[in-house]
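Residues per chain, in single letters:
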Amino acid sequence: MSTATKSKELTKQKALFEYLVRLADDRLILGHRLSEWCGHGPILEEDIALANIALDYIGHAANLYEYAVEIEGEGRHRDDLVYFRNDPEYKNLKLVELPKGDFGFTIARQFLFSSYSYYLYQLLSDIEDEQIRGMVEKHFKEVKYHLRHSREWILRLGDGTEESHSRIQDAFNDMWTYVGELFYQDEVDEFLQEKNLAADTASFKSDWKDLVTDTLEEATLDVPDWNQFMVEGSRQGLHTEHLGHLLAEMQHLRRSYPDADWE
Amino acid sequence: MKTFQERIDNGETIEPKDDMPDRYRQQLIRMMSQHAHSEVVGMLPEGNWITRAPSLRRKMILLSKVQDEAGHGLYLYSATETLGASRKEVINQLLEGKAKYSSIFNYPTLTWADVAVIGWLVDGAAIINQTMLARSSYGPYSRAMVRICKEESFHKKQGYEMVATMADGTPEQQDMIQDAVNRWWWPTLMMFGPHDENSPNSAELIKWGVKSKTNDELRQSFVDRHVAEAHEVGLEIPDDDLEYNEETGHWEFGEIDWDEFWNVVKGNGPMNKERMKARREAHENGKWVREAAEEYARKQKLSKEKAS
């Protein structure tokens with residue numbers, strides 16, 4: 001399947017499909033990583049919280065995929081997008097596919113992604129598409145909770161013990177090269193923005209940076225260099241080696257019995 | 001003033017601040033903490049399939065179910081704390097191998113069908129036991145059971161729906177689900193514990209109104225209900241001695257392999273060591289997180305005191 005970005009004539013249908021899939025893939029893959037904590041969290045309350053957030057993401061992804069296949073109009077089911085696409089067809093950010101790491105890594109990533117989503121959803125709640133607005137309205141409450149949950153943990157871990165401070169600092173340092181892509185935009189975004197069907201992430205980049213900076217400083221952490229080298233290519237389907245393993249695990253059963261109905 | 005036993009015999013509910021014999025308290029701490037541990041260890045076999053669930057809908061249902069189990073664990077640890085046993089203390093007993101949890105979770109989940117069968121049979125067995133415990137004489141336990149039973153009934157319904165879908169599916173799905181029933185049927189019957197004559201705690205628990213039915217009575221109602229459900233979707237029960245008795249209206253069934261039962265209880269089940277290893281690892285890997293949270297709370301309190 002060629003990507004919409006490669007296509008010469010970008011239509012509203014193609015661009016919107018691509019945009020929805022990008023949003024959905026981010027949430028599905030991050031939800032998958034969070035779901036790996038279930039039964040293995042540091043305290044029972046966090047098993048519950050992380051499973052809850054994973055459910056929010058996967059639920060939102062399900063809604064987005066459903067709308068994407070509806071727009072596409074080829075009679076595909078949302079699960080076809082989940083189980084029968086290969087790595088290059090997945091358009092999620094590399095940030096969300098990185099292994100879950102320790103609790104510090106998981107929380108640092110949650111904070112960066114939730115704070116980003118917090119601004120993104122405010123813009124999406126204003127676009128000219130009723131269905132997206134409806135979804136965003138439903139999920140914005142969840143996003144606010146995700147942000148609060150992760151922010152509180154950043155403060156605890158940053159300003160907790162020496163060990164927690166160094167672990168959460170290392171987590172931010174290690175993932176920093178992946179944060180630049182949060183604000184990547186291409187012709188799909190531009191095409192839709194002209195019709196007010198997509199959010200212009202550039203418009204909240206400095207607010208987001210302020211929020212991240214303030215939180216890290218309050219947590220007595222150093223903000224890594226914003227100008228360091230940042231990786232790219234996720235939205236074109238270029239991933240880390242980790243995504244292939246994740247998909248192998250996620251898709252194996254469904255692909256082993258392609259004719260079976262599991263409901 | 002009424003004696004404790006008179007209150008029990010009157011059907012009164014015992015509340016945390018009431019006088020109670022030490023033995024009653026100890027028995028309840030043992031039962032309730034075991035129950036809480038079972039919920040938490042029980043997250044592992046099903047959790048094993050969350051990342052591999054074959055549809056988004058099934059993934060969400062499973063994730064939500066395992067999350068409910070964590071919630072039940074939390075709720076039961078709190079209920080146990082009303083008897084003066086702290087969560088930290090009883091969790092340490094589990095991690096040190098001094099406390100038990102339901103042996104059913106020492107069996108492995110080998111295929112997706114196991115997730116369906118656990119929902120149907122294991123939750124089905126839990127409901128039968130917990131419906132009785134919802135009438136237990138200890139108020140916090142009984143209330144916890146009422147709440148938990150509601151969710152378990154929902155889990156069982158979802159499990160049975162999955163079983164029915166697979167039993168009505170492709171030949172491979174049908175084989176998979178029958179194989180899972182074959183592996184889980186007997187261990188599920190063992191969940192109700194030894195025969196009444198070999199169950200040292202039963203008589204005392206019944207006298208104190210904690211339980212109102214014996215292990216064998218509960219097991220019989222489980223068999224009656226689930227044999228019918230199996231037949232309804234065309235599944236076989238792996239028991240050659242299974243026979244319906246017209247006179248009693250009950251299904252008679254074969255003898256449980258008690259050697260297997262005691263062997264698993266003693267720690268030699270297929271997954272005992274791995275389940276405990278997973279719990280210990282989660283606890284050890286989370287140590288720095290819990291310490292950080294405590295230290296942060298201490299610092300916050302200190303700075304608030306300074307400010308005022």
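Everything numeric in this text was worked out from a predicted model, so none of it was measured.

Requested: an account of the overall build of chain B, with residues and values cited.
Along its length, chain B carries 13 helices and 2 strands. Its C-alpha atoms give chain B a radius of gyration of 21 Å, near enough to 19 Å, the size a compact globule of 308 residues would have. Taken over the C-alpha atoms alone, chain B extends approximately 70 × 55 × 30 Å along its principal axes. Split into buried and exposed, the 308 residues of chain B put 56% on the buried side.

Describe the interface of chain B and chain A, with residues and values.
Between chain B and chain A, the contact holds 46 residues from the first and 49 residues from the second. Each partner contributes to the roughly 4100 Å² buried at the junction of chain B and chain A, and carbon and sulfur atoms together form 69% of this total. Where chain B touches chain A, the interface holds 3 salt bridges. As a salt-bridge pair, Lys299 of chain B and Asp159 of chain A come within 3.3 Å of each other at their nearest N and O atoms.

Talk me through a negative patch on the surface; I want residue IDs and the actual numbers.
Residues and elements named next belong to chain A. On the surface, Asp207, Asp210, Asp214, Glu217 and Asp222 cluster together to form a negatively charged patch. When you line up the elements, Asp207 lands in helix H9 (residues 205-218). The partly exposed category is assigned to Asp207, whose relative accessible area is 38%.

Break down the pattern of salt bridges for me, with residues and values.
Using the criterion set out here, one finds 36 salt bridges over all chains in the structure. The partner of Arg167 of chain A in a salt bridge is Asp102 of chain A, with the nearest N and O atoms 2.9 Å apart. Placement of the pair is Arg167 of chain A in helix H7 (residues 162-175) and Asp102 of chain A in the loop between helix H4 (94-97) and helix H5 (103-124), with a sequence separation of 65 residues. Given the relative accessible area of 25%, Asp102 of chain A is considered partly exposed. Among the salt bridges present, the one from Glu291 of chain B reaches Lys287 of chain B, with a minimum N-O distance of 3.3 Å. On the criterion of helical spacing, the pair formed by Glu291 of chain B and Lys287 of chain B is a turn pair, its members being 4 residues apart in helix H13 (residues 287-307). Among the charged side chains, a network of salt bridges with common partners joins Glu18, Arg22, Lys91, Asp186 and Asp189 of chain A.

What counts as what
Residues numbered from 1 in each chain as written. Chains lettered and ligands numbered in written order. Predicted model: local features only at pLDDT ≥ 70, side-chain atom pairs only at ≥ 80, totals over all residues. Heavy atoms only, no water. Helix = DSSP H or I, 4+ residues; strand = E, 2+ residues; numbered from the N terminus. Rg over C-alpha atoms; globule rule 2.2 N^0.38 Å. Buried < 20%, exposed > 50% of the residue type's maximum accessible area, 1.4 Å probe, protein only. Contact = heavy atoms within 4.5 Å. Buried area = accessible area lost by both parts, 1.4 Å probe. Salt bridge = Lys/Arg side-chain N within 4 Å of Asp/Glu carboxyl O. Patch = residues over 30% accessible without salt bridge, like charges linked within 9 Å, V, L, I, M, F, W, Y side chains within 5 Å. Areas by Shrake-Rupley, 256 points an atom, 1.4 Å probe, with all protein chains shown as cover. Lys, Arg positive; Asp, Glu negative; His and termini not counted. Charge placed at Lys NZ, Arg CZ, Asp CG, Glu CD.

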